[in-house]
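So the chains spell out like this:
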There are 8 protein chains.
Amino acid sequence: MSGEIRMDWDRASRTGVAEAVLCAGKSGAQIEAILSEAMEAGRGLLLTRLEEDRFGVLSPSTRARIDYDPVSRTAILPAPESGERLTISVAIVAAGSSDLPVAREAARTLQFHGVEPTGIHDVGVAGLWRLMEALPEIRRHDVVIAVAGMEGALFSVLAGLVRAPVIAVPTSVGYGVGAGGRIALGSALSSCAAGLVTVNIDNGFGAACAALKIAGLMRQGR
Amino acid sequence: MSGEIRMDWDRASRTGVAEAVLCAGKSGAQIEAILSEAMEAGRGLLLTRLEEDRFGVLSPSTRARIDYDPVSRTAILPAPESGERLTISVAIVAAGSSDLPVAREAARTLQFHGVEPTGIHDVGVAGLWRLMEALPEIRRHDVVIAVAGMEGALFSVLAGLVRAPVIAVPTSVGYGVGAGGRIALGSALSSCAAGLVTVNIDNGFGAACAALKIAGLMRQGR
Amino acid sequence: MSGEIRMDWDRASRTGVAEAVLCAGKSGAQIEAILSEAMEAGRGLLLTRLEEDRFGVLSPSTRARIDYDPVSRTAILPAPESGERLTISVAIVAAGSSDLPVAREAARTLQFHGVEPTGIHDVGVAGLWRLMEALPEIRRHDVVIAVAGMEGALFSVLAGLVRAPVIAVPTSVGYGVGAGGRIALGSALSSCAAGLVTVNIDNGFGAACAALKIAGLMRQGR
Amino acid sequence: MSGEIRMDWDRASRTGVAEAVLCAGKSGAQIEAILSEAMEAGRGLLLTRLEEDRFGVLSPSTRARIDYDPVSRTAILPAPESGERLTISVAIVAAGSSDLPVAREAARTLQFHGVEPTGIHDVGVAGLWRLMEALPEIRRHDVVIAVAGMEGALFSVLAGLVRAPVIAVPTSVGYGVGAGGRIALGSALSSCAAGLVTVNIDNGFGAACAALKIAGLMRQGR
Amino acid sequence: MSGEIRMDWDRASRTGVAEAVLCAGKSGAQIEAILSEAMEAGRGLLLTRLEEDRFGVLSPSTRARIDYDPVSRTAILPAPESGERLTISVAIVAAGSSDLPVAREAARTLQFHGVEPTGIHDVGVAGLWRLMEALPEIRRHDVVIAVAGMEGALFSVLAGLVRAPVIAVPTSVGYGVGAGGRIALGSALSSCAAGLVTVNIDNGFGAACAALKIAGLMRQGR
Amino acid sequence: MSGEIRMDWDRASRTGVAEAVLCAGKSGAQIEAILSEAMEAGRGLLLTRLEEDRFGVLSPSTRARIDYDPVSRTAILPAPESGERLTISVAIVAAGSSDLPVAREAARTLQFHGVEPTGIHDVGVAGLWRLMEALPEIRRHDVVIAVAGMEGALFSVLAGLVRAPVIAVPTSVGYGVGAGGRIALGSALSSCAAGLVTVNIDNGFGAACAALKIAGLMRQGR
Amino acid sequence: MSGEIRMDWDRASRTGVAEAVLCAGKSGAQIEAILSEAMEAGRGLLLTRLEEDRFGVLSPSTRARIDYDPVSRTAILPAPESGERLTISVAIVAAGSSDLPVAREAARTLQFHGVEPTGIHDVGVAGLWRLMEALPEIRRHDVVIAVAGMEGALFSVLAGLVRAPVIAVPTSVGYGVGAGGRIALGSALSSCAAGLVTVNIDNGFGAACAALKIAGLMRQGR
Amino acid sequence: MSGEIRMDWDRASRTGVAEAVLCAGKSGAQIEAILSEAMEAGRGLLLTRLEEDRFGVLSPSTRARIDYDPVSRTAILPAPESGERLTISVAIVAAGSSDLPVAREAARTLQFHGVEPTGIHDVGVAGLWRLMEALPEIRRHDVVIAVAGMEGALFSVLAGLVRAPVIAVPTSVGYGVGAGGRIALGSALSSCAAGLVTVNIDNGFGAACAALKIAGLMRQGR
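These figures come from a predicted structure and were not determined experimentally. Every chain is numbered on its own, with residues counted from 1 as its sequence reads. To label them, take the chains in the order written and letter them from A, then take the ligands in the order written and number them from 1. Whole-chain, interface and lining totals are the exception, using all residues; otherwise, since this is a predicted model, local features are given only for residues with pLDDT of at least 70 and side-chain atom pairs are given and counted only at 80 or more. In computing side-chain values, all of the structure's heavy atoms are included and hydrogens and water are not.

Let's shift gears to the overall build of chain A. Each helix is a run of DSSP H or I of at least 4 residues and each strand a run of E of at least 2, with the numbering of both proceeding from the N terminus. Counting its regular elements, chain A contains nine helices and nine strands. On C-alpha atoms alone, chain A measures out to a radius of gyration of 18 Å, which is about the 17 Å that the 2.2 N^0.38 rule sets for 222 residues. Dimensions along the principal axes, computed over C-alpha positions, put chain A at roughly 50 × 45 × 25 Å. Out of the 222 residues belonging to chain A, those deemed buried represent 66%. Using a 1.4 Å probe, the Shrake-Rupley method yields the accessible areas, and only the shown protein chains count as cover for residues. When the accessible area of chain A is evaluated, it comes to approximately 7,100 Å², of which 50% is carbon and sulfur surface. Here Asp and Glu are counted as negative and Lys and Arg as positive; His is not counted, and neither are the chain ends. Just so you know, the charge point we use is NZ for Lys, CZ for Arg, CG for Asp and CD for Glu. Computed over 21 positive and 23 negative side-chain charges, the inter-centroid distance for chain A is 5 Å. The size measure is the radius of gyration over C-alpha atoms, and the globule rule it meets is 2.2 Å times the number of residues to the 0.38 power. Burial status follows relative accessibility: with a 1.4 Å probe on protein chains alone, a residue under 20% of its type maximum counts as buried, one over 50% as exposed, and anything between as partly exposed.

In structure tokens:
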């Protein structure tokens, strides 16, 4: 099995975002091996899409050392030292309570990198007053991550109201033609609001990484 | 050719909406024949999707008797007598100026049946204040026909704000994944706003017919 | 968790349809919290897509207070007082017995709002006499909700025979190319019968809400 | 160029249907060459999808010898002798006048093989009385070819009413989600009426060939 | 529940094929009720897509009276008397052993109607000699039902070799782009072999019904 | 026509990006009217997707006042005064020469807002050395806009090599399964390189707007 | 059951690749029967897609004679004698550790035919240095099998760097728009690197067979 | 414009296939510039997808120096010296005469690299005898390029009959569900014949390049 997994430990310095492990499709043994390598190397690690039953097959000593969250299916092996702090403020705005697992994946990714986001939930556009009420709070942030499934109307409405870059995360929440998140994704891509960008369906991790790349830019003191 | 076209003149009394002629795919000769039959029978007729070049091949005498609108590609052969009046008020709300041909097809269909709608245009959600400004006017109407392409976020926002039945008409306006209107249609169908109904892409005619069916219900004196 | 769910109690007065809770994707704890908030506020509530096993994890006291129907996967927390009565008559016409869960979701939504619909079942067009036999009964209603999967031919046939507005609910009943309801939905959208409107696949709830919006219009005494 | 085209003159005796030439994608020179070979061999030939402009580039002498129909885009080089007669009666039932080119392609294919079909047109289900009126006539035939675009509801309704085998020909007539004929095809495939078979979109030729194969069976005197 | 299911007992005399019950989506109670009605009426009945676990919940007395086959998921309640015999000979040709459940659904449907088909299996075109070896046997039959998944090349090869009408049944056997049967279906529809007709994916029942309709034609003594 | 178009002049101050006019689907008269309104209001304006023939129908005096580029199909009505300068540096990296129109749409959008981007072209991954050669130059920029069609492999390779935020613009360049840009878009969304964000196919304008939103963030002095 | 399965033992001599058994969709009894036939005939056999639970229902004596690998879901019944040796060298290059089951299916297929491949794993392009590091090793091989899911950028990068024929195997690894492998497949097909060929999603077996066909060519001494 | 196009002249030595220019999406000026650069560098060049009207806008002197073929839309600027000869024999087998442009693109690509292929045309499987007749000739070649549209059954039949590697080129020839080549492509990918590989729809160039890569392998003297 040696040689099957090659960690890209250098990724953070090269791209501004540390390597993370997408656990979907990996066996328990593979995940265990990756964590061992990280612990031996004295490095922190973020694991995503780690289902509860797969977490359960890890060795007790490994489980004891990582912080697992079943809602977002993420696990964090804390990094020993954290280095310089990022100074970005990020709002994570979610349309409905079914979108929370994805929103939390984004939040956990930011936290792993030392950024504590503000969560604003259940502001779907069917009750527009809820979004309007939260707008002053949202506008105080540097970057907005918008999380929505179904028709994804939140993306356009929000992007038309704030100056901050808005990163859309379509979710697979929905049924009928909305099942799987294709319509929410299409709404983000076809938005009439200029400057909206998007990541893959349910990719809270990716949206957070994009926010971190922007944060790195701000840190460069320009 | 006789026997190839059978008009369903009885449709209005049976379904509340008069037969109309979808001209796409019909030859000039077929359209001419249908109009002749209608004129001989002393009946009015609505023609949709009548492209300007096909209108041009009709005989001058026929062209003189019908009211043609190139923007909506509709032609109206006026009905000699109009019977009882429908008393419904309809707002046609369009997101962008590219949606006007479809909005006008809906308007012309209503006009053919004796209903004069109110048009409210260019109220896409990227500039939400425009919709908010028009909201009191929109709320004065019995039925709202919402016309939008691209991501179709207008449908959900509008349906969450008014009591009237909202009929969505997705348009084929858009490009990339939004081309052809599939995303706008999907947004209407996946909407988080309850009670929204939809018709086919670019089907302004159908939305107007649905409004007319509701109007018929109101006329029944309930 | 506070702040994660914001009920839009005002929705009924704003849009004519009370907020309902789509339980798919929500945890038992989230559903329990929503019901608690409703009970404390002295409000009725409709829950849809509540699977039997998720209903089972609610607390016994909560389960005792709600009326759960496993076929339609709906639960109703009755509203203490009902206010003015809606006076619309609705027929729910279903093509096959496999369409009943969706038909019943529509029926339960109407009942929650005080409207008792008439159910007409197993009238698929392969045996057209069954639909013809039921036609006089169907024609007595103000609004028709048509529920069909597979090829959805019922929508066009029905809409060509009645004056009432017809709301199509395509169902996911079918296999091969018909699996998931895309063909039935496409049939509703592409119908040659003018004035037919549609909602999302399996969205009996949405069709009922549209009927309620029309009912609200009739109540306004026009 | 010799060797590029190999006619399968033996096909009729092997499969019961003579080889025909699908002209789409072929150059005028290729079509001319095929016709020359047929004329030299003293054989009849059916050409389909021969657009008017491509017919125009054929040599005058070739054009003079073939019977061209621009509506169905078919050309027939008559067979010198016809052999034994097929004794099948076929009804071609078309939903709308836009479906006529496809219906005529089926009719021309049957005529080339010596079968004169009965055409019944404009019997879409939105005005069901038209189909009902024609039903006794339709029922007199051995095989029914049903031609419809849009939602294709005609297929199921018809197949539920007649004993004859029904061959569906979905057409590309339609717009929005119905554009291109996918929904009509899906309706034929998902039909709740048992025993319905289908051919490709706009394939009037193929439906006629299937009828001819059934006719061959009947000729075998069983 | 009365009124929810209306059997169309007259279907056989109207369309030449008896009503059958598609059990997918029906509850055990619904299936039990249908069988009871059939037994009381002294009628035979064919049930399709009856999964083994749903068969298991039927009452022992009902199970004792029906002939259940788990491979094809069909059950037959035998008809008391059979009436006149159909005299058609049908070959069911299956490409691979994974296609057998669908091939057997077709066979069982024919048997229920008194026709005993000939099964020819494992003749996929990757080893063409197997098909060639079976060709003389296949050619002895009036109608050929061809069953294939994956790329469905069998349909075209077979239809180019026999005079009999060929009815394609694409199956959902396959993976990657072939998963679900869409490619096999597309191959049947796009076939370069004229006169091939097709039914829905996995619809062995429908193919058999089409063969029975042709059989009815032959019985009429023409 | 008044009332049909409502400019959202306030958009720049609200969202950081000025309103632009998507000319696709708009008539020459509509575009002329919009430009008149802008000129009267003393405002600059960016027009996108303005085809050469539509530009040709504008009045000579209007044409004289705008800077039109046929390759990118953009027109710029210069803004009288420019206000504070944005200080971001942007690299626009294009995979092939067929991607240039889209790359130039991004460049022109940035130029309209006062940002002069660096263009790096023809660095597709089939000749990886070209990208490697340009890498030091690319790495000098704050934001990277990557433009690629076909399989879009450039997005992942680039995002794995630079610290800057990378905004993917999939183009419709390609044929077969790559036609229309769906595969390039899918590659951007499914990328194994974290933090990559994307906009709609051919949406060079949108990518530039996202860069401008990030620029706004940097201007805020953090 | 006899007659249901016809092995094509002659396939190796006809096509250069021995028949293998795709176990998906086959019952345990069918697989047992095939293995019995092979053992009686004294032949080796490769089984693919043999899930662990289906392997478990085989008889103990059969299980004892075959070499089963649960990761690749393959089983090998060893061939008694091996004949002449193939002299090709094959590199199997996999992008991520989730792609290993498919890579191993390819490896096992090669091993069954007497070719021992070199495996190079975890060289996804997000960390390009890993691929570059392995490049000299990869370049030493005659044929390269590239295995990747998600966006499949590895295919183009690799094919632009080596002289050997590259056979792409897209995998179903991915989520959102990348789920199921369609994007990875599309990337292989749309690649800007000339000469890349592909097989179906997850078809490690097929890629190995293509390599074996090339090996056969080399054996022919040209 | 300098810098917009960077030729990868080194590609042949790196990958075994010379760089070619895909002209679709390139302007006449860009193509002219590329040709000038090649002529100045004394290099040969292959241009694909060069439409006749775009060839027409090149300068007369350029046109005089290149060999243009309108059927395959390819142009060849001959290479001054050819180096060592490839010794592979390639058969290009095309199903129908509409597939010839794609077959010829493959042939021209091989000819540019010094390989003269054998063309075998019009051997579609609907008349299987034609393929069988040509089989001995086909079997004499090292590599087979199979070109087919519609249902693409030729791919599986052929791959089951020959030892040579078979490279499928699906073409966009077809209509209805077969339009655009998706079904033919799917047939190649889902083939039951092991070892078949495929390239993109209409990519005759790519198939030839794959054959050249195999030829390079053979040249290496193994």
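This brings us to the relation of the copies chain B and chain C. For the match of chain B to chain C, the screw axis carries a shift of 0.0 Å, the RMSD comes to 0.0 Å, and the turn is 180°. Accordingly, the operation relating the two chain copies is best matched by a two-fold axis. Throughout, a contact is declared for two residues whenever any of their heavy atoms are within 4.5 Å. Here 100% of the interface residues in chain B have copies in chain C that are interface residues too; the copies meet face to matching face. Superposing the copies works by least squares over the C-alpha atoms of residues that have pLDDT at least 70 in both of them.

Okay, the interface of chain B and chain C next. Taken together, the contacts link 42 residues of chain B with 43 residues of chain C. Between chain B and chain C the total buried area reaches about 3,300 Å² when both faces are included, carbon and sulfur atoms providing 53% of it. Salt bridges are defined by distance alone: a side-chain nitrogen of Lys or Arg within 4 Å of a carboxyl oxygen of Asp or Glu. The interface formed by chain B and chain C includes zero salt bridges. Among the secondary structure elements, those contributing two or more residues to the side of chain B that touches chain C are helix H1 (11-15), strand E8 (166-170), helix H8 (182-189), strand E9 (197-198) and helix H9 (204-219) of chain B. Broken down by element, the side of chain B that touches chain C gets its largest block of residues, nine residues, from H9(B). Here the nonpolar group is Ala, Val, Leu, Ile, Met, Phe, Trp, Tyr, Cys and Pro; Asp, Glu, Lys and Arg are the charged ones; every other residue, Gly included, is treated as polar. Split by residue class, the side of chain B that touches chain C holds 23 nonpolar, eleven polar and eight charged. Buried area adds together the accessible area that both of two parts lose upon being put together, with accessible area traced by a 1.4 Å probe.

All chains considered together, the criterion is met by 64 salt bridges over all chains. The partner of H:Asp69 in a salt bridge is H:Arg104, and the shortest N-O contact between them spans 3.6 Å. Taken together, the positions of H:Asp69 in strand E3 (residues 67-69) and H:Arg104 in helix H5 (residues 100-112) put the pair 35 residues apart, joining distant regions of the chain. Connected through shared salt-bridge partners, A:Asp8, A:Arg11, A:Arg14, A:Glu19 and G:Arg130 make up one network.

So, about the sheet that holds strand E1 (residues 20-22) of chain D. Residue and element names in this part refer to chain D. Strand pairing follows a simple DSSP-based rule, namely that at least 2 bridges must link the two strands. Strand order across the open sheet formed by four strands is E1-E2-E4-E3, with mixed pairing between neighbours. In this open sheet, the two edge strands, each paired with only one partner strand, are E1 and strand E3 (67-69). Geometrically, the sheet is characterised by an average inter-axis angle of 15° between neighbouring strands, direction not taken into account. Taken together, the three bridges between strand E2 (residues 45-48) and strand E4 (residues 74-77) define a ladder with antiparallel strand orientation. Paired with Leu45 across the bridge in E4 is Leu77. Geometry is summarised by axes, namely lines fitted to C-alpha atoms with helices restricted to the contacting stretch, and by angles between N-to-C directions that run from 0 to 180 degrees. Lying on the sheet, helix H2 (residues 28-41) is in contact with E1, E2 and E4; it crosses E2 at an angle near 165°.

Quick look at the interface of chain F and chain H now. Opposite the 18 residues of chain F that make contact, chain H presents 20 residues. Buried surface at the junction of chain F and chain H, summed over both partners, amounts to about 1,600 Å²; 46% is from carbon and sulfur atoms. By the criterion of area lost to chain H, the three top residues of chain F are F:Ser97, F:Tyr175 and F:Val177, representing 36% of everything that side buries. Our enumeration of links across chain F and chain H arrives at one salt bridge. We note a salt bridge from F:Arg130 to H:Glu19, for which the minimum N-O separation is 3.9 Å. Under this definition, polar contacts are N or O atom pairs within 3.5 Å; protein pairs additionally need one hydrogen-donor-capable and one acceptor-capable atom, and for neighbouring residues in sequence, both atoms have to be side-chain atoms. Where chain F touches chain H, the interface holds nine residue pairs in polar contact (both at pLDDT 80 or more). Taken together, the elements giving at least two residues each to the side of chain F that touches chain H come down to helix H5 (100-112) and helix H6 (128-139) of chain F.

The next point concerns the relation of the copies chain F and chain H. Copy one and copy two of the chain differ by a rotation about an axis and a translation along that axis. For the match of chain F to chain H, the screw axis carries a shift of 0.0 Å, the RMSD comes to 0.0 Å, and the turn is 90°. The relationship between the two copies is best expressed as a four-fold rotation axis. Closest approach to the rotation axis among the C-alpha atoms of chain F is made by F:Gly180, whose C-alpha sits 8.9 Å away.

Residue and element names in this part refer to chain F. Among the secondary structure elements, Trp9 is positioned in the segment before helix H1 (11-15). The partly exposed category is assigned to Trp9, whose relative accessible area is 21%. Sequence-wise, Trp9 and Ala188 are 179 residues apart; in three dimensions their C-alpha atoms are separated by 33 Å. Those residues within four positions of Trp9 in sequence are excluded, and the remaining contacts are Glu37, Ala38, Arg43, Gly44 and Leu45. A distance of 3.5 Å separates polar atoms of two side chains, one belonging to Trp9 and the other to Glu37.

Further remarks concern the pairing of strand E2 (residues 45-48) of chain G. Residues and elements named next belong to chain G. Along E2, one buried face is formed by Leu45 and Leu47 and the opposite face, lined by Leu46 and Thr48, is buried too. Sheet topology places strand E1 (residues 20-22) next to E2; three bridges connect them, and they run parallel. Residue pairing for E2: Leu22 is matched across the bridge by Thr48.

So, on to the sheet that holds strand E4 (residues 74-77) of chain G. Residues and elements named next belong to chain G. The four strands lie next to each other as E1-E2-E4-E3, forming an open sheet whose pairing is mixed. Two strands close off the open sheet at either side, each with one partner strand: E1 and strand E3 (67-69). Direction aside, the axes of adjacent strands within the sheet are offset by 15° on average. Across the sheet, helix H2 (residues 28-40) lies against E1, E2 and E4, angled at about 165° from E2, the strand it touches most. Sitting on the sheet, helix H5 (residues 100-112) touches E2, E3 and E4, and the angle it makes with E4 is about 5°.

The next point concerns the confidence of the model for chain A. Every residue carries a pLDDT, the predictor's confidence in it, which falls somewhere between 0 and 100. Per-chain confidence: chain A averages 92 in pLDDT, with 95% of residues scoring 70 or above. Interface confidence for the predicted complex, given as ipTM, is 0.94, next to a pTM of 0.95.

With that settled, consider the state of the cysteines. Disulfides are defined as pairs of cysteine sulfur atoms found within 2.5 Å of each other. By the definition in use, this model includes zero disulfides over all chains. With no disulfide of its own, A:Cys209 lies 13 Å from the sulfur of F:Cys192, the closest cysteine sulfur. Overall, A:Cys209 belongs to the buried group, its relative accessible area being 0%.

All names here are of chain H. The element strand E8 (residues 166-170) is largely enclosed, with a buried count of five among its five residues. Side-chain alternation along E8 places Val166, Ala168 and Pro170 on one buried face and Ile167 and Val169 on a second face that is also buried. Think of it like this: strands point away, you trace from the first strand over the helix to the second, and a clockwise trace means the crossover is right-handed. For the segment spanning strand E7 (residues 143-148), helix H7 (residues 153-159) and E8, crossover handedness is right-handed. Relative to strand E9 (residues 197-198), E8 is paired through two bridges, and the arrangement is parallel. Across the sheet, Ala168 pairs through a bridge with Thr198, a residue of E9.

Another aspect to go through is the packing of aromatic side chains. Note on ring pairs: Phe, Tyr and Trp rings are taken, using the six-membered ring of Trp, and paired if centres are within 6.5 Å. Classes follow the plane angle, with under 30 degrees stacked, over 60 edge-to-face and the rest tilted. Enumeration over the complete set of coordinates arrives at eight aromatic pairs over all chains. Geometrically, the ring pair formed by A:Phe55 and A:Tyr68 is stacked, given 4.2 Å between the ring centres and 10° between the ring planes. With a gap of 13 residues between them, A:Phe55 in helix H3 (residues 52-56) and A:Tyr68 in strand E3 (residues 67-69) connect regions that are remote in the sequence. In this pair, the class of A:Phe55 matches that of A:Tyr68, namely buried. A:Arg49 extends its terminal NZ or CZ atom over the ring of G:Tyr175, reaching a point 3.9 Å from the ring centre. Only when the NZ atom of a Lys or the CZ atom of an Arg is both within 6 Å of the ring centre and within 35 degrees of the ring normal do we say a charge sits over the ring.

The next point concerns the side chain of D:Thr15. Along the polypeptide, D:Thr15 turns up in helix H1 (residues 11-15). At 3.3 Å, the side chain of D:Thr15 and the backbone oxygen of D:Val17 are in polar contact. Excluding anything up to four places from it in sequence, D:Thr15 contacts D:Lys213, E:Ala159, E:Gly160, E:Leu161, E:Val162 and E:Arg163.

So, about H5(H). Residues and elements named next belong to chain H. Between the first and last C-alpha of H5 there are 18 Å, a value that for 13 residues agrees with the 18 Å anticipated at 1.5 Å per step. Taking burial as the measure, the 13 residues of H5 include ten buried ones, the bulk of the element. All of the buried residues in H5 are Leu100, Val102, Ala103, Glu105, Ala106, Ala107, Arg108, Thr109, Leu110 and Phe112. Downstream of H5 by one or two residues, Gly114 has phi in the positive range, about 90°. The span expected for a helix works out to 1.5 Å for each residue beyond the first.

Let's shift gears to the packing of helix H8 (residues 182-189) of chain E against helix H8 (residues 182-189) of chain H. At their nearest, the axes of H8(E) and H8(H) sit 9 Å apart, and the two run at 125° to each other. Between H8(E) and H8(H), the angle is such that the two are oblique. For the pair H8(E) and H8(H), the sense of crossing is left-handed. Touching E:Arg182, E:Ile183, E:Gly186 and E:Ser187 of H8(E) are H:Arg182, H:Ile183, H:Gly186 and H:Ser187, all from H8(H). Here the residues of the contact of H8(E) with H8(H) are counted per class, giving two nonpolar, four polar and two charged. With respect to orientation, any angle under 35 degrees is reported as roughly parallel, any angle over 145 as roughly antiparallel, any angle of 65 to 115 as roughly perpendicular, and every other angle as oblique. Left-handed describes a crossing whose near helix is turned anticlockwise from the far helix by less than a right angle; the clockwise case is right-handed.

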